[in-house]
Amino acid sequence: FAHARRPLVPFQLLGSTASGMSDNQIYGVIEGFYGRPWTDEQRFRLVTEWMPLAGAAMRTYMYAPKDDEKHRAYWRVPYTPEEAARLEKIIATCNAHNVRFMYAISPGLDIHYTDSDDRRLLEEKLQQVKSLGCTTFALLFDDIPAEMEAADRAHYAAKDDSDPGAAFARAQADVAAGLVDAVLHGSASDLAFCPTEYCTALSANRDH
């Protein structure tokens, strides 16, 4: 992958469950950087050549390129038949090599948390990818402003909130729970979740 100008980034998801992983940890590679995404050829090489070198533990590939517009900027827009066919081929390659393909979506830049249309479009987008053979997903709210529209904030706020980020956290958790119910039929272990504040050292409110 030297010509990709992007390193292979191993990741570890704690607190998630995975088939055959008794320690509740998932190891793998995230394609989650800004800039030109990997080509399909590079993804195929990752799955068929590079990941096997890491042994049996590193068996998950998360698809989350920030500059795939339909992953982030235009998350509401379905993949075209041609785009869907490319994703389906990558998913099939992962399945054939015992690698879990995890599709990530990042709607946080402009999602309206209480808007039923936005929630429906998010569910439909994941249903489309699920129809291609994907069974595990990730909902990412990283790298977004830590604020909501007034209507969303009012809906998720509680009178006794001492943490200004509590309503924001509730909104994101509500979206995640909705996806678990609508897309994964209650199987929460098939959804990874990244909130906006996911690192204590970088948290705006470090006391919580």
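So, here is what we can say about the structure in this document.

1. Remarks on the overall build of the protein
Regarding its fold elements, the protein presents 5 helices and 6 strands. Out of the 208 residues belonging to the protein, those deemed buried represent 43%. A total of about 10,900 Å² of accessible surface is found on the protein, and carbon and sulfur atoms cover 54% of it.

2. Let's talk about the packing of aromatic side chains
For the coordinates displayed, the defined rule picks out 8 aromatic pairs. When the centroid spacing of 5.7 Å and the interplanar angle of 65° are considered together, the rings of Y61 and F101 count as edge-to-face. Of this pair, Y61 sits in strand β3 (residues 58-63) while F101 sits in strand β4 (residues 100-105), and the two are 40 residues apart along the sequence. The buried category is assigned to F101, whose relative accessible area is 3%. Relative to Y103, the ring of Y63 lies with its centre 5.9 Å away and its plane at 15°, an arrangement referred to as stacked. Here Y103 lies in strand β4 and Y63 lies in strand β3, a separation of 40 residues in the sequence. Per residue, the accessibility class of Y63 equals that of Y103, and both read buried. Through a chain of ring-to-ring contacts, the aromatic side chains of Y61, Y63, Y79, F101 and Y103 assemble into a single cluster. Lying over the aromatic face of Y34, K66 brings its terminal NZ or CZ to 5.8 Å of the ring centre.

3. Some words on the packing of helix α1 (residues 40-50) against helix α2 (residues 81-96)
As a packed pair, α1 and α2 sit with axes 9 Å apart at the nearest point and diverge in direction by 10°. With respect to each other, α1 and α2 are oriented roughly parallel. Across the interface between the two elements, D40, R43, F44, V47 and T48 of α1 pack against R86, K89, I90, T93 and C94 of α2. Looking at the contact of α1 with α2, its residues break down into 4 nonpolar, 2 polar and 4 charged.

4. Some details on unusual backbone geometry
We note that N98 has phi near 60°; this positive angle belongs to a residue other than glycine. Its place among the elements puts N98 in the loop between α2 and β4. Owing to a relative accessible area of 59%, N98 belongs among the exposed residues under this scheme. The phi dihedral of H185 is positive, around 55°, even though this residue is not glycine. By the secondary structure assignment, H185 is in the loop between α5 (166-182) and β6 (191-194). Looking at H185, the relative accessible area reads 64%, which means it is exposed.

5. Section: the nonpolar core
A general trend in soluble globular proteins is that nonpolar side chains are found buried together. Ranked by internal contacts, the top residues of the largest apolar core, which has 43 residues, are Y61, F101, Y103, Y113, L122, F137 and L139. For this core, the elements supplying multiple residues, two or more each, are α1, β3, α2, β4, α3 (116-130), β5 (136-140) and α5. If one sorts the elements of this core by residue count, α5 sits on top with 7 residues.

6. Here's the deal with α1
D40, Q42, R43, L46 and V47 are the residues of α1 that are buried. Contact partners of the buried residues in α1: β2 (25-31), β3 and α2.

7. Section: the packing of α3 against α5
Angle between the axes and distance between the axes: these two values describe a pair of packed helices. Orientation of α3 relative to α5, taken along the N-to-C sense of each, is 50°, at an axis distance of 10 Å. On the basis of their axis angle, the class for α3 and α5 is oblique. Read as a crossing pair, α3 and α5 show a hand that is right-handed. Where α3 approaches α5, its residues R119, L122, E123, L126 and Q127 are matched on the opposing element by D174, V175, G178, L179 and A182.

The rules behind each value
- Residues numbered from 1 in each chain as written.
- Predicted model: local features only at pLDDT ≥ 70, side-chain atom pairs only at ≥ 80, totals over all residues.
- Heavy atoms only, no water.
- Helix = DSSP H or I, 4+ residues; strand = E, 2+ residues; numbered from the N terminus.
- Buried < 20%, exposed > 50% of the residue type's maximum accessible area, 1.4 Å probe, protein only.
- Areas by Shrake-Rupley, 256 points an atom, 1.4 Å probe, with all protein chains shown as cover.
- Phe/Tyr/Trp six-rings, centres within 6.5 Å; stacked < 30°, edge-to-face > 60°.
- Lys NZ or Arg CZ within 6 Å of the ring centre and 35° of its normal.
- Axes fitted to C-alpha atoms, helices over the stretch in contact; angles between N-to-C directions.
- Parallel < 35°, antiparallel > 145°, perpendicular 65-115°, else oblique.
- Contact = heavy atoms within 4.5 Å.
- Nonpolar A, V, L, I, M, F, W, Y, C, P; charged D, E, K, R; others polar.
- Core = buried A, V, L, I, M, F, W, Y, C linked by side-chain atoms within 4.5 Å.
- Left-handed = near helix turned anticlockwise from the far one by under 90°.

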